[in-house]
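# Summary of the model geometry
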Amino acid sequence: MSKINLYLIEYAINALLRQKSKNIFIFIVFTLLISLVTSVFFIANSIKYELNSTVDKLPSITVQQLSAGKVTDIQTHIADDIISIAGVDDVV
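Our subject in this report is the structure included herewith. (Residues numbered from 1 in each chain as written. Predicted model: local features only at pLDDT ≥ 70, side-chain atom pairs only at ≥ 80, totals over all residues. Heavy atoms only, no water.)

Right, let's get into the overall build of the chain. If you tally the helices and strands in the chain, you get three helices and two strands. Seen in sequence order, the chain has helices and strands lined up from the N terminus as α-α-β-β-α. For the chain, the spread of C-alpha atoms along the three principal axes comes to 90 × 35 × 25 Å. Out of the 92 residues belonging to the chain, those deemed buried represent 2%. Entry remark: accessible area of the chain is about 9000 Å², with carbon and sulfur atoms responsible for 66%. Side-chain charges in the chain split into 7 positive and 8 negative, and the spacing between the mean points of these groups amounts to 28 Å. (Helix = DSSP H or I, 4+ residues; strand = E, 2+ residues; numbered from the N terminus. Buried < 20%, exposed > 50% of the residue type's maximum accessible area, 1.4 Å probe, protein only. Areas by Shrake-Rupley, 256 points an atom, 1.4 Å probe, with all protein chains shown as cover. Lys, Arg positive; Asp, Glu negative; His and termini not counted. Charge placed at Lys NZ, Arg CZ, Asp CG, Glu CD.)

For Gln65, the location among the structural elements is in strand S1 (residues 65–67). Sequence separation of Gln65 and Ile82 is 17 residues, and the distance between their C-alpha atoms is 13 Å. Leave out the neighbours within four places in its chain, and Gln65 touches Lys70, Val71, Thr72, Asp73, Ile74 and Gln75. (Contact = heavy atoms within 4.5 Å.)

Even without a glycine there, the phi angle at Ala68 is positive, about 60°. In this structure, Ala68 sits in the loop between S1 and strand S2 (70–72). Its relative accessible area of 81% is what places Ala68 among the exposed residues.

Moving on, we come to helix H1 (residues 6–18). The terminal C-alpha atoms of H1 lie 18 Å apart, and with 13 residues this matches the ideal 18 Å at 1.5 Å per residue to within 8%. Structurally, the start of H1 carries an N-cap: the backbone nitrogen of Tyr7 is 3.2 Å from a side-chain oxygen of Asn5. (Expected span 1.5 Å × (residues − 1). Polar contact = N/O pair within 3.5 Å; in protein donor to acceptor, adjacent residues only side chain to side chain.)

Structure representation (structure tokens):
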């Protein structure tokens, strides 16, 4: 097993202590950046979770096309657009 070089550890600690204000500033900046990034990820994940949990519980919606006051069939390319919407299970 290799021994830990105590002189190297002492040199590193002394280098950190020589420039206290610079190292404290870098530590504060990185801490703030990490907090910001984690909060953004947390909020994004929460929004995704709420969206996925509410999509299943939404009511059914009927889309109809009216022509001269009467219900007519919608065109097939519109049905393809509707089926591509997230949360849509079936288009008849």
